[in-house]
Amino acid sequence: MQTAIFYVSKHGTTEKTALKIRHGIGVANTQLFNLRNSSFIDLSPFKQIIIGGSIHAGMIQNCIKDFCIKNSAILLEKRLGLFISCFYEGETAQSQLEKAYPEILRKHAVSCKIMGGEMLMESMNFFEKIIVKKVAGIKQSESRINQENIETFINEMSIPKHRDQTK
Ligand SMILES: Cc1cc2nc3c(=O)[nH]c(=O)nc-3n(C[C@H](O)[C@H](O)[C@H](O)COP(=O)(O)O)c2cc1C
């Protein structure tokens, strides 16, 4: 198996992005792991690792942070891709990305991207609806998925054929 994608998703957006990436780089060679349901996973058989989480109240999920810290040595030996889902754009999104992953992993990554996000009112609980209305002025569902960044990420994470044959 070539690629493992580890993700966490609260309302499904990061999961959809992870599925698009899996489809883009090749379903047959890619395994998907929801970090919420996975216990120990041996990373050694994988040639490349992709990690994605989403931003809530400025932070990525703790299990993504823990996964990066626990596995940092082996992640530095792999082809690595990192991404976040988030609704804000521009400098705010960039600083959220920088806070989400350790600098050493961001520098090592082949690709590190902001994939945009969705505000899905129908998936939010009462408190989340109040927060997004108050903080971001969102009253109805809205999508800001960055399809271009998803496609660039897929291109950058696609293992070139000649390297593929070395294994
Ligand atoms: C309660 C709440 C807080 C959020 N806080 C932020 C935030 O601080 N910054 C941001 O860019 N997006 C924020 N978002 C938007 C999410 O990042 C966006 O909905 C993303 O698509 C969620 O992905 P997921 O469904 O995979 O968890 C927030 C969304 C909710 C519901």
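In what follows, the structure referred to is the one given above.
Because the structure is predicted, anything quoted here is derived from the model rather than measured. (Residues numbered from 1 in each chain as written. Predicted model: local features only at pLDDT ≥ 70, side-chain atom pairs only at ≥ 80, totals over all residues.)

Visitor: Could you give me a rundown of the nonpolar core, with the residues and numbers involved?
Guide: Within the largest apolar cluster, 34 residues are counted, with the highest numbers of intra-cluster contacts made by Ile5, Phe6, Ile49, Ile51, Leu82 and Ile84. Broken down by secondary-structure element, the contributors of at least two residues to this core are strand S1 (3-7), helix H1 (13-25), strand S3 (48-56), helix H2 (62-70), strand S5 (79-85), helix H4 (90-100), strand S6 (111-114) and helix H7 (147-157). Residues in contact with isoleucine 84, not counting those within four places in the same chain, are Gly52, Gly53, Ser54, Ile55, Ile60, Gln96, Leu97, Ala100, Ile114 and Met115. (Core = buried A, V, L, I, M, F, W, Y, C linked by C-beta atoms within 7 Å. Buried ≥ 20, exposed ≤ 12 C-beta atoms within 10 Å, placed from the backbone. Helix = DSSP H or I, 4+ residues; strand = E, 2+ residues; numbered from the N terminus. Contact = placed C-beta atoms within 7 Å.)

Visitor: For the site of the ligand, give the residues involved together with the corresponding values.
Guide: The local shell around the ligand holds 23 residues, among which Lys10, Thr14, Ser54, Cys86 and Gly117 are the closest. Residue assignment for the shell around the ligand shows that the elements contributing at least two residues are H1, S3, strand S7 (116-119) and helix H6 (126-136). Of the residues belonging to the shell around the ligand, the class tally is 9 nonpolar, 11 polar and 3 charged. (Near = placed C-beta within 6 Å. Nonpolar A, V, L, I, M, F, W, Y, C, P; charged D, E, K, R; others polar.)

Visitor: Report on the environment of valine 132, specifying residues and quantitative values.
Guide: Here valine 132 shows up in helix H6. Beyond its immediate sequence surroundings of up to four residues, valine 132 is in contact with Met119, Met124 and Ile138.

Visitor: Describe the environment of methionine 1, with residues and values.
Guide: Note on placement: methionine 1 falls in the segment before S1. In this structure, methionine 1 is in contact with Asn29, Gln31, Pro45 and Phe46, ignoring residues within four places of it in sequence.

Visitor: Requested: an account of H2, with residues and values cited.
Guide: Within the sequence span of H2, burial applies to Ile64, Phe67 and Cys68. Down the axis of H2, the sector holding all buried residues measures 95°, keeping them to one side. More than 90 degrees from the buried face of H2, the exposed residues found are Asn62, Asp66, Ile69 and Lys70. In the core, the buried residues of H2 are packed alongside S1, S3, strand S4 (59-60), helix H3 (72-75) and helix H5 (103-108). (Arc of directions from axis to C-beta.)

Visitor: With reference to specific residues and values, describe the environment of glutamate 89.
Guide: Within the element layout of this structure, glutamate 89 appears in the loop between S5 and H4. As for glutamate 89 and isoleucine 114, which are separated by 25 residues in sequence, their C-alpha atoms are 8.4 Å apart.

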